[in-house]
Amino acid sequence: MGKLVEIRRLAKVYERGSQKVEVLHHIDLDIEAQDFLALMGPSGSGKTTLLNLIGGLDSPTDGSIAVGGEHIERLGEDALAKWRASNVGFVFQFYNLLPMLTARRNVELPLLLTKLSTAERKRKASIALELVGLSDRALHKPSELSGGQQQRVAIARAIVSDPRLLVCDEPTGDLDRQSATEILTLMQDLNRDHGKTIVMVTHDPKAAEYAHKTLHLDKGTLVDNPESTAA
Amino acid sequence: MATRIALFAVPILLLAFAPWWLLLASVVVFVLFVAFTRRGHQIWSVTQIGLATIPQRLGSSSVVVVGIAGVVAVLVALLAMAQGFAETLKQTGGDDTAIVIRAGARTELNSVLDHDTAVLVSQSPQVMHDPSGQPIASPELVVVASLPKKSTGLDANVEVRGIGDRAWVLRPKVQITAGRKFKPGLRELIVGKDARRQFANVEPGASIKLNSQVWTVVGAFDSGDAYNSELWGDTDIVASTYRRGSSTTSVTVRLTSAGAFDAFNAGLQADRRLQVDASTTRAYYNAQSETISTIIRVVGITVAIIMAIGAVFGALNTMYAAVAARTREIATLRAIGFRGTPVVISVLGETVALALFGGILGAGLAWAVFDNYTASTLGSNFSQVVFAFKVSPALLWQGLKWALLIGLIGGLFPALRAASQPVTTGLREL
Amino acid sequence: MKYLHLIWAALMRRKTRTIFTLFSVLAAFLLFGLLDCVSKAFANVSGSVAGVDRLLTVSKVSFTLALPKSLYTRIQAVPGVAQVSYLNWFGGVYQDPSNFFPNQAVAENYLDLFPEWKMPPQQRQAFKQTRTAAVVGESLAKRFGWKVGDKIPLEATIFPQKGGSNTWTLDLVGIFHVTDPNAKGQENALFFNWNYFDEARQFGNGNVGIYAVKLVDRRQADSVAKAIDALSADSDHETKTQTEQSFTASLVSQFADIGLIVGGIMSAVFFTLVLLTGNTMAQAVRERIPELAVLKTIGFTSKSVLALLLAEAVVLLALGAAGGLAIAGVVVVAVRGQVGGQLSIPPVGLAIWGEGIALAVVIGLVVGALPAFRGMRLRIVDALSGR
């Protein structure tokens, strides 16, 4: 199987005014390929920061991250953007779809960065939508879809360019229980049947149960036996 | 809804058609209403809140101000040009002097009068006589010369007017500002103030070649009107230089009174020896200015209308954004019991305040840059007429009216939207 | 091109705002189109290629002064002169002074100098053979509903007839048309027989207003002009000879500095427009920050976000400009028939479209620059967390 993500002594310092806040304290973490990892921890523990670093949205202050053997902490802004386009899919709590585009146009967005033909882009977007079970909603705008449906469109967008890694920030945070279950099941399928490696930040222990493994972050460090599990 | 539409229709109609006193009265009534009624107080407090938030939306508010300032500046500048041209020529004429030219000629340059005609005209009983018993009549000869302009170095046409010795009595406004008058019988010229400024080498003391004869400029004059664009010399000598024999182009006379023109004209028309057209100099110069000032005015208003349309849409955008930004606040006001109308008036008031500011800015700019700005154009005698832009108070007022109209129209729909938003959705916004 | 739908979607996000902004842009470019046409009309006078092989000889003192007819044969003898004709400005009025159009008494060979005025040969012949003959341009004929064979009464303003009458009755023998759309204004003129004019006028007989000279070779314009002027040097009727277009250009330039006025108006208009559309773009970007962050997350580089936003501004401006210029085109076509005189108002042609669209693109880039830069610089992490 092998390791997909290798994190060594990863640190992140934010400057708020004159104050420096170290959000992550030299973290070491390996993520196996085809793993489904849940990241938990209280607000401000740095879990979203860690997720953003893994997804290449932000650059670390110190340490290294290698994804599939590529050291992304050394990449410049543009190179990082290109890297994200082909290596990572993102799912957010508030779906972050473009309100003016139809579901299929939203899904198609990452493909605009490839050299695919129009017909090819359309075909791939349709396949992704089918995979999340929304073929019949392809021409609807986000405002015409329920929260669960919107999140499924977002997932379709995340997988359309076939990245190995999916990075999900509270994917069920804004959903009712039933929609959340559907989304989590879908993620499980993607992990199991399509070999996607998933890193998911969540507050919800029930959501974490869908993952193979749960890691806890507290005040910027990974903890083995957090109080929440002890409780 | 109907009352709200009326809220806009009334000021718009007032602005467009009412005389200033009615407008003033309406403003006073409105101010009293705001100051002394409960509803008025409501309006005032809501408007205050809106005005207080303008600094937060400086960027988009300035769109209204600058948009309207642009319209008003262009409008006022172009109308000032038309007005300046018309006024320069208008001042040249009066009701108690009359000009006589050949029938059908329309302008002096087209006209030719023989010596006998000139004499007959000056003998009309309605022509005033000076103390020495001479009729105050000046047979004049207008010809055109080509001289290089100072600004471009290119030749432009200048009017050379040969005048009779009565001309000084006829035009008491004319003052010699440098040198002296030309001496009759000599090839001497005096130069008008504007011609002196506009053409190269016409300073007193300079020599000018007219039709291969050398003339000397001996003085400069200021008449305060269109004559300032001309060069003056002795009729007889100008005529000999231009091989005109004893003919002239016009006779200008002082009438015994301003009311004497009709009798004067009737006398000329009845005389079978004469084929002439007479008009008061006021009518003559008005007619000369009509075409050009009408063209400028039409162009100015057309341009301003198109610009105003653009500015209205700019104002609409800004005010819609302003209403959107204030949705919550307006809904809160409505929820605690404020009625729709004060909200409408407050949005309207804000737009009008911005528009007024823009109008003042634009009109002020036009006044600062263009009042007394001099320009020249080809007058009806095929020669340069210098005139100054005239930014009169009436024009400034007209510019302000345009500004307010644009503001009112631009504020109409956003204000109606503000008042018609359901309170509940408004509170949920943001 | 594959990003076009993204740009379109962005513009349609706030339809009213986009439409209002479009109308403002449209108004600005409508003005641009109209005023550019007018200033082109003035500029055309000096820039036109037609007439470069023709010289006009007028009195050096002023073109309103007459020249002796005796110059005719002397000019003809100047080397390099192919043909000489002459004319007098008549300045007549048809029915009402507001019906202004240029009218001149011209020598019978005058029309031969203007092969670009298309007219049936028998009409050209008739002009030479009829004593009271007149020809007019097609536009002018249409304006007053004249047909060949009509009698046209012109009221003289300068030249009464010997008996003192101001009415000159002319026989319309030909109607010419001009194919070059930029020279269409030349159709707004009337020409009539100089011989009739000269024998019937009250004064000035035997004098000529302007000589028109056709050159053998237009490259000799300067030397021939000098040679013609030398004929009457130091006489009491010195002449000034110049090409047809520089004569008209100097006359037009005396009217007003049209370029300056148009430039002034347009700078006011575009200054306002930049502010207005700049504000629209700033609003549009401000409220779309999270969406832009999503694009960047997905892998759009900062540069492509910049390009998208700039393209959005450019498309907005270009659409408005196209609309404004199209309307200007319609207006000009409707109006140009009514405007006569030496001035031909050109249609809103390729040049104006080119300038207009180029201007729209430049303004689009200018107003898009600041907001687009902001979009480019935004940090994904901050934007997503709403900071």
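The model shown is predicted, which means the values in this text are computed figures rather than measured ones.

Novice: A description of the overall build of chain A should follow, citing residues and the corresponding values.
Specialist: Along its length, chain A carries 8 helices and 10 strands. Computed over C-alpha atoms, the radius of gyration of chain A comes to 18 Å, within 12% of the 17 Å expected from 2.2 N^0.38 for 231 residues, which places it in the range of a compact globule. Expressed along its principal axes, the backbone C-alpha trace of chain A runs to roughly 45 × 40 × 40 Å. Within the span of chain A, comprising 231 residues, buried residues form 49% of the whole. Considering only intrachain contacts with a sequence separation of at least 6, the fraction spanning at least 24 residues in chain A is 72%.

Novice: Before we move on, can you summarise the overall build of chain B with the specific residues and values?
Specialist: Summing up its helical and strand segments, chain B has 14 helices and 12 strands in all. Over its C-alpha trace chain B gives a radius of gyration of 30 Å, far above what one expects of a compact globule, namely 22 Å for 430 residues. The principal-axis extents of the C-alpha atoms in chain B amount to approximately 95 × 50 × 35 Å. Here chain B holds 430 residues, and the buried ones make up 52% of them.

Novice: Account for the arrangement of the chains, with residues named and values stated.
Specialist: Inter-chain contacts occur across 2 pairs of chains; the most extensive set of contacts lies between chains B and C. Kept free of each other, chain A and chain B leave a smallest C-alpha distance of 16 Å between them.

Novice: Please provide a residue-by-residue account of the nonpolar core, values included.
Specialist: Judged by nonpolar contacts, the single largest core of 316 residues is most densely connected at L39 of chain A, V71, V74, V76, M307 and I406 of chain B together with L31 of chain C. Considering each element in turn, this core owes the most residues, 21 residues, to helix α4 (residues 58–92) of chain B. Not counting residues up to four positions away in its chain, the partners in contact with L39 of chain A are K47, L50, L51, V199, M200, V201, L215 and L217 of chain A.

Novice: Please set out the packing of helix α2 (residues 20–36) of chain B against helix α3 (residues 38–52) of chain B residue by residue, giving values where relevant.
Specialist: Residues and elements named next belong to chain B. Contact pair α2 / α3: the axes reach a minimum separation of 5 Å and the direction vectors enclose 95°. With respect to each other, α2 and α3 are oriented roughly perpendicular. Mapping the contact onto sequence places F33, V34, A35 and F36 in α2 and G40, I43 and W44 in α3. When the residues that make up the contact of α2 with α3 are grouped by side-chain class, the tally is 6 nonpolar, 1 polar and no charged.

Novice: Go over the sheet that holds strand β4 (residues 62–67) of chain A with me, naming the residues and quoting the values.
Specialist: Residues and elements named next belong to chain A. Ordered by their spatial adjacency, 4 strands build an open sheet running β2-β1-β4-β5, and the pairing between neighbours is antiparallel. Strands at the two margins of the open sheet, each flanked by one partner only, are β2 (19–32) and β5 (70–71). Relative to β2, strand β1 (residues 3–16) runs antiparallel, the two being bridged by 10 bridges. Residue pairing in the sheet places K12 in a bridge with L24 of β2.

Novice: Outline the interface of chain C and chain B, supporting the account with residue identities and numerical values.
Specialist: Taken together, the contact pairs 43 residues of chain C with 45 residues of chain B. Those elements giving two or more residues to the side of chain C that touches chain B turn out to be α2 (15–47), α8 (244–255) and α9 (258–286) of chain C. Ranked by residues supplied to the side of chain C that touches chain B, first place goes to α9 of chain C with 11 residues. Here the side of chain C that touches chain B is built from residues that sort into 22 nonpolar, 16 polar and 5 charged.

Novice: Report on the packing of helix α5 (residues 147–159) of chain A against helix α6 (residues 177–193) of chain A, specifying residues and quantitative values.
Specialist: All names here are of chain A. Running from N to C, α5 and α6 cross one another at 20°; their axes reach a closest spacing of 9 Å. When the interaxial angle is binned, α5 and α6 end up roughly parallel. At the point where α5 passes α6, the crossing takes the right-handed sense. Contact residues: G147, G148, Q151, R152, I155 and I159 in α5; S179, E182, I183, L186 and L190 in α6. Of the residues that constitute the contact of α5 with α6, the class distribution is 5 nonpolar, 4 polar and 2 charged.

Novice: Explain the interface of chain A and chain C to me, using residue names and the numbers behind them.
Specialist: Taken residue by residue, the interface counts 20 residues in chain A and 19 residues in chain C. Of the residues forming the side of chain A that touches chain C, the biggest block, 6 residues, is contributed by helix α2 (residues 77–87) of chain A. In terms of residue class, the side of chain A that touches chain C is made up of 11 nonpolar, 3 polar and 6 charged.

Novice: If you had to explain the sheet that holds strand β7 (residues 165–169) of chain A to someone new, which residues and values would you point to?
Specialist: All names here are of chain A. Read from one edge of the open sheet, 6 strands run β6-β7-β8-β3-β9-β10, paired in mixed fashion. On the outer flanks of this sheet lie β6 (88–91) and β10 (221–223), each paired with one strand and no other. Across the sheet, the axes of successive neighbouring strands diverge by a mean angle of 25°, strand direction being ignored. The sheet contact formed by β7 and strand β8 (residues 197–201) spans 5 bridges and is parallel. Residue L165 lies in a different strand from β8, and its bridge partner there is T197. Where helix α1 (residues 47–54) meets the sheet, it contacts β3 (36–40), β7, β8 and β9 (213–218), and its direction lies at approximately 150° from that of β8.

Novice: Mind laying out helix α10 (residues 281–325) of chain B, listing which residues take part and the relevant values?
Specialist: Helix length check: α10 of chain B, at 45 residues, gives a terminal C-alpha distance of 62 Å against a target of 66 Å (1.5 Å per residue), a fit within 8%. Along α10 of chain B, the largest kink reaches about 40° and is centred on E290 of chain B.

Cut-offs applied
- Residues numbered from 1 in each chain as written.
- Chains lettered and ligands numbered in written order.
- Predicted model: local features only at pLDDT ≥ 70, side-chain atom pairs only at ≥ 80, totals over all residues.
- Helix = DSSP H or I, 4+ residues; strand = E, 2+ residues; numbered from the N terminus.
- Rg over C-alpha atoms; globule rule 2.2 N^0.38 Å.
- Buried ≥ 20, exposed ≤ 12 C-beta atoms within 10 Å, placed from the backbone.
- Contact = placed C-beta atoms within 7 Å.
- Core = buried A, V, L, I, M, F, W, Y, C linked by C-beta atoms within 7 Å.
- Axes fitted to C-alpha atoms, helices over the stretch in contact; angles between N-to-C directions.
- Parallel < 35°, antiparallel > 145°, perpendicular 65-115°, else oblique.
- Nonpolar A, V, L, I, M, F, W, Y, C, P; charged D, E, K, R; others polar.
- Pairing = 2+ DSSP bridges.
- Left-handed = near helix turned anticlockwise from the far one by under 90°.
- Expected span 1.5 Å × (residues − 1).
- Bend = angle between axes of the 7 residues up to and from the residue.

Remember that the coordinates give geometry; whether it matters functionally is a separate question.
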